[in-house]
Structure formats: structure tokens, C-alpha cells
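Inside the fold
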Amino acid sequence: MSPTNPVDHIQVIELRQYRLRSGRRDELIELFDREFVETQVEAGMAVLGQFRDLDDPDRFVWLRGFRDMAARHRALAAFYEGPVWAEHGPQANATMIDSDDVLLLRPLSAGSGFVTSPAGRPRAGAPAPERFVSATLWSFPPGRHEGVALVRDGLLPVFYETGPAPLAVLATETAHNTFPRLPVRTGENVAVVLTSYPDERAYRQHLADVRDHPVVRDEILPGIERAQTAAPRVLRLAPTGRSLIF
């Protein structure tokens, strides 16, 4: 996909990871892509991407965005208290073991959010694109800014220099969750980089190029390792047929 229209108004993003009952991921994806895309958009949110987790056949990952926290509350209330969720929500919930692994995020800096056009969304029934999407999550102590700054100012310039530009670069949104019916993870301080590639081989080559860069190898990565609370987590993702980003 070659996005053309910036969605500058998206300032709040949810990264949602669902643990599903064995063998039911495709059932949820079919239901989601048929019933929950346009209806969420009509409620006032941007459905950005839906993915199969390549490392877990029972995990579904997706992202949606909002203008701000007030718009998020209005859109979620409109959708989850509306007729479509009342009709199809029980079937969706029946596929899930846990839906509370949710990070509330914002663009890390000006221009680092998603740039896409809703008009580019594939039609219902479209085949899944042959793309590989990675989402790398770095975790740092709450209230500390050094690690996120190293990702932003040290690592990202090398990402841009050595490979494709990220789809988005995000960080924790610290605002209070005003829609407690849908929990989010609290006490988080993360940086998230999402990047798209033709295949996993291209991803691994780009990753090697970044790690081999002298400044990254000798300064940036050691600094991030000192600042982080855990090793970075990489989500290896395959977009579904109706994912807007891929």
C-alpha cells in the first residue's frame, strides 16, 4: 500500500492483542471484517489494521485510532452501546479468552503517526496482502524519558537511513482511561515502531543493517538496554484482507 492522505487528527491509538480459543481466529477475523469495520468508522473511530500473529495461531492483533480521548469515549460508547455490537458482540466474545491486553498510545512526535487513506481499504472478501509487518515494543520505567529518547533520536534515524520508513512510531498515552468498560494496561512506558516489508527476509535484512550500524551497535543499543525494564518484544504480523495498513 502507498498511503497518500495523512490522518493527522488521529492522536490516540489502541494496540489490542486478543488471546482466542483454540482454532477460532479465522472465525473472529471473518466476523470482524464483515461487521465491525465500517460500523466502527461510522461511530467515529479509525480502524487501522487487523493482523494474524505469526507466532501464535490463537492471537489476533489490531489497531484503532481516535482524534483525542474525548472522541474516544464518544465513539466507544456509540459502538458498544449500539445495535451492531448488541447483535454480533456475543459471537465475537465467544471466540476470546482474554481481550484486556491493550496499550493506549499516541504518536511519539509530530509526523510519526499513521499516514493512510480510508479510501484505500480493501473490499470485503479481499485476499490477505503478501506483506510482513513487525511491531517492536520497548518497555521503560514509568516516568523515565531516557529510553524513549534513545529510540526517537538515536535508533529511528538509522531505521530511516537503512530501510523503509516505519508505518508509525508511537509511545504511551498517559491519559486516564475514560471508558473503563474496556480496560487498558496501566503503568506502562513504551515505544512502539511498526514497519512493513515485502516479506520476512527483507525485515531480517533491515534489522541486521540497523544493528550493524556503528553508532547503534556501540552507543544506542547499549543505552537502550541499560534503560529498559525487559527485552524488546517483537510482534510478527500478517495483515488480514481488510487491514488498512500493511
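This one's a predicted model, so the numbers in the text were calculated from it and none came from an experiment.

With that settled, consider the overall build of the protein. Within the protein one finds seven helices and eight strands. A compact globule built from 246 residues should have a C-alpha radius of gyration of about 18 Å, and the protein, at 18 Å, falls within 12% of that. Taking the principal axes of its C-alpha atoms as reference, the protein extends roughly 55 × 40 × 35 Å. A total of 246 residues make up the protein; the buried ones form 52% of that total. Across the protein, contacts joining residues at least 24 apart in sequence account for 85% of those joining residues at least 6 apart.

It is at 10 Å that the axes of helix α1 (residues 25-35) and helix α4 (residues 83-94) come closest, and there the two elements cross at 170°. In terms of orientation, α1 lies roughly antiparallel with respect to α4. Where α1 approaches α4, its residues Glu27, Leu28, Leu31, Arg34 and Glu35 are matched on the opposing element by Val84, His88, Gln91 and Ala92.

Let us look at the side chain of His206. Summarising the element assignment, His206 is placed in helix α6 (residues 200-212). Setting aside chain neighbours within four positions, we find His206 in contact with Phe159, Thr162, Gly163, Pro164 and Tyr197.

Moving on, we get to the pairing of strand β4 (residues 96-107). Summarising the sheet, strand β1 (residues 12-20) and β4 pair through seven bridges and their orientation is antiparallel. By the bridge assignment, Leu20 is partnered in β4 with Met96. By the bridge criterion, three bridges tie β4 to strand β6 (residues 168-172) in an arrangement that is antiparallel. Looking at the pairing, Pro107 lines up with Leu170 of β6.

Time to look at the confidence of the model for the protein. Averaged over every residue, the pLDDT of the protein is 94; residues scoring 70 or more account for 97%. The low-confidence segment residues 1-7, where pLDDT is below 50, has 15 contacts with residues more than four positions distant or belonging to other chains.

This part is about the side chain of Thr39. Looking at the element boundaries, Thr39 is found in helix α2 (residues 38-43). The exposure class of Thr39 is buried, given its relative accessible area of 19%.

Here Leu28 lies in helix α1. The class for Leu28 is buried, based on a relative accessible area of 2%. With sequence-adjacent residues up to four places away left out, Leu28 is seen in contact with Tyr18, Leu20, Phe60, Ala92, Thr95 and Met96.

What follows deals with the packing of aromatic side chains. Scanning all chains against the criterion turns up 13 aromatic pairs. Relative to Trp85, the ring of Phe36 has its centre 5.4 Å away and its plane inclined at 45°; by these criteria the two rings are tilted. Linking Phe36 in the loop between α1 and α2 with Trp85 in helix α4, this pair joins segments that are 49 residues apart in sequence. Across the pair, Trp85 and Phe36 agree in class, each one buried. When the centroid spacing of 5.1 Å and the interplanar angle of 35° are considered together, the rings of Phe132 and Tyr203 count as tilted. Of this pair, Phe132 sits in strand β5 (residues 132-139) while Tyr203 sits in helix α6; the two residues are 71 residues apart in sequence, bridging distant segments of the chain. Put simply, the rings of Tyr18, Phe32, Phe36, Phe60, Trp62, Phe79, Tyr80, Trp85 and Phe179 pair up and form one aromatic cluster.

This part takes up the pairing of strand β3 (residues 59-66). The buried fraction of β3 is high, at eight of eight residues. The side-chain alternation of β3 yields two buried faces, one formed by Arg59, Val61, Leu63 and Gly65 and the other by Phe60, Trp62, Arg64 and Phe66. Here eight bridges tie β1 to β3, and the two strands are oriented antiparallel to one another. Bridge pairing links Val12 to Phe66 in β3.

So, on to the sheet that holds β4. Spatial ordering of the closed barrel is given by β1-β3-β2-β8-β5-β7-β6-β4, a layout of eight strands whose pairing is antiparallel. Here the average twist between neighbouring strands, direction ignored, is 35°.

For the coordinates displayed, the defined rule picks out 17 salt bridges. Taking the shortest distance from any N to any O, the salt bridge between Arg24 and Glu27 comes out at 3.0 Å. Given the relative accessible area of 25%, Arg24 is considered partly exposed. The salt bridge involving Arg152 is made with Asp153; its shortest N-O contact spans 2.8 Å.

So, how was this worked out
Residues numbered from 1 in each chain as written. Predicted model: local features only at pLDDT ≥ 70, side-chain atom pairs only at ≥ 80, totals over all residues. Heavy atoms only, no water. Helix = DSSP H or I, 4+ residues; strand = E, 2+ residues; numbered from the N terminus. Rg over C-alpha atoms; globule rule 2.2 N^0.38 Å. Buried < 20%, exposed > 50% of the residue type's maximum accessible area, 1.4 Å probe, protein only. Contact = heavy atoms within 4.5 Å. Axes fitted to C-alpha atoms, helices over the stretch in contact; angles between N-to-C directions. Parallel < 35°, antiparallel > 145°, perpendicular 65-115°, else oblique. Pairing = 2+ DSSP bridges. pLDDT = per-residue confidence, 0-100. Phe/Tyr/Trp six-rings, centres within 6.5 Å; stacked < 30°, edge-to-face > 60°. Salt bridge = Lys/Arg side-chain N within 4 Å of Asp/Glu carboxyl O.

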